[in-house]
Amino acid sequence: MKPEIVRTQNFASDAAQFILQHAHSALAERGEFRLALSGGRTPRPVYEEVARAGRDLPWDKVRLTFGDERCVPPDHAESNFRMAREALLVPAEIPDASVLRMRGEAEPTLAAKDYEEQLSQLAKASGEAIYRHDLILLGLGDDGHTASLFPGTAALDEKQRTVVANFVPKFEAWRLTFTFPLIAAARHVCFLVDGTKHSDLIEKVQQSDLQYPAARAQAAASAVTWLIGQPTL
Ligand code: 6PG
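Residues numbered from 1 in each chain as written. Predicted model: local features only at pLDDT ≥ 70, side-chain atom pairs only at ≥ 80, totals over all residues. Heavy atoms only, no water.

**What about the environment of Pro91?**
Here Pro91 lies in the loop between helix 3 (80-89) and helix 4 (108-125). Residue class for Pro91 comes out partly exposed when judged on its relative accessible area of 31%. Residues Pro91 and Tyr115, spaced 24 residues apart in sequence, show a C-alpha to C-alpha distance of 25 Å. Excluding residues within four positions of it along the chain, Pro91 makes contact with Ala51, Arg55, Arg85 and Glu86. (Helix = DSSP H or I, 4+ residues; strand = E, 2+ residues; numbered from the N terminus. Buried < 20%, exposed > 50% of the residue type's maximum accessible area, 1.4 Å probe, protein only. Contact = heavy atoms within 4.5 Å.)

So this is what it looks like as structure tokens:
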């Protein structure tokens, strides 16, 4: 399916509204909103805006997961959970029970298995073969990675598992990440991207150049929106 492409000079507010619209429709249809957060720096202002504009969302009916995590403790400067906690979880007073944290402080393969098992339990409780997110937020790295699916890494070949530990040689570090099968199971995927960075890469990924993991995620997804922040003129 062709991706929807939205370029905006009001990135944070437009992205926040997009997320909240998906929240309201999921809550209306199924009484629950399953959202996977992306990491890195780009989403931070979006999460801050979601916390402000979405204060009245029934957060106890929202389940937040993380598309990937660095293998560091939750209070580490590099932790995606820490960024989300500061920008969204605390400001929006989201209950701990609504948040499924990847345990970056644990041994990577155990942490991945643990997270995968939690998603599997939730899926089973809903009669699903695989956990189905309503919306997975994804970023885009300058090498075309998304989540922690980096070019040339083992996780790209995972066809069964939903969450794996993935060693990333360029960082000499382990990451925890969603796999393509879990991304494919989502109702909608949204790339949140800073349009001032790697604009030609964005084009190549959107044109499905499958050397880039982000393009493979786009191809796997059933519905895709690109929200691309443009500099204000
Ligand atoms: C991570 C992210 C990663 C990120 C891209 C873009 O843990 O780093 O999940 O996939 O989205 O690297 O990062 P920036 O938003 O910082 O450019």
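**Observations concerning the packing of aromatic side chains**
Applying the stated rule across the entire model yields four aromatic pairs. Relative to Phe171, the ring of Phe150 has its centre 5.4 Å away and its plane inclined at 90°; by these criteria the two rings are edge-to-face. Here the residue Phe150 occupies a position in the loop between strand 5 (135-138) and strand 6 (163-168), and Phe171 occupies one in the loop between strand 6 and strand 7 (173-178), the gap between them amounting to 21 residues. Using a relative accessible area of 1% as the deciding quantity, one classes Phe150 as buried. According to the relative accessible area criterion, Phe171 is partly exposed, its value standing at 39%. A centroid spacing of 5.4 Å and a plane angle of 65° characterise the contact between Phe167 and Trp174, whose relative ring orientation is edge-to-face. Geometry around Phe81 places Arg101 over its ring, the cationic atom sitting 5.6 Å from the centre. (Phe/Tyr/Trp six-rings, centres within 6.5 Å; stacked < 30°, edge-to-face > 60°. Lys NZ or Arg CZ within 6 Å of the ring centre and 35° of its normal.)

**Overview of the site of the ligand**
Around the ligand, the structure places 14 residues, and the nearest of them are Thr42, Asp68, Arg70, His145 and Ala147. Here an oxygen atom of the ligand and a side-chain polar atom of Asp68 are 2.7 Å apart. Measuring from an oxygen atom of the ligand, one finds a side-chain N or O atom of Lys197 at 2.9 Å. Contact with the protein chains hides 92% of the accessible area of the ligand, taken as 410 Å² for the molecule alone. Classifying every residue of the shell around the ligand gives two nonpolar, seven polar and five charged. (Near = heavy atom within 4 Å. Polar contact = N/O pair within 3.5 Å; in protein donor to acceptor, adjacent residues only side chain to side chain. Areas by Shrake-Rupley, 256 points an atom, 1.4 Å probe, with all protein chains shown as cover. Nonpolar A, V, L, I, M, F, W, Y, C, P; charged D, E, K, R; others polar.)

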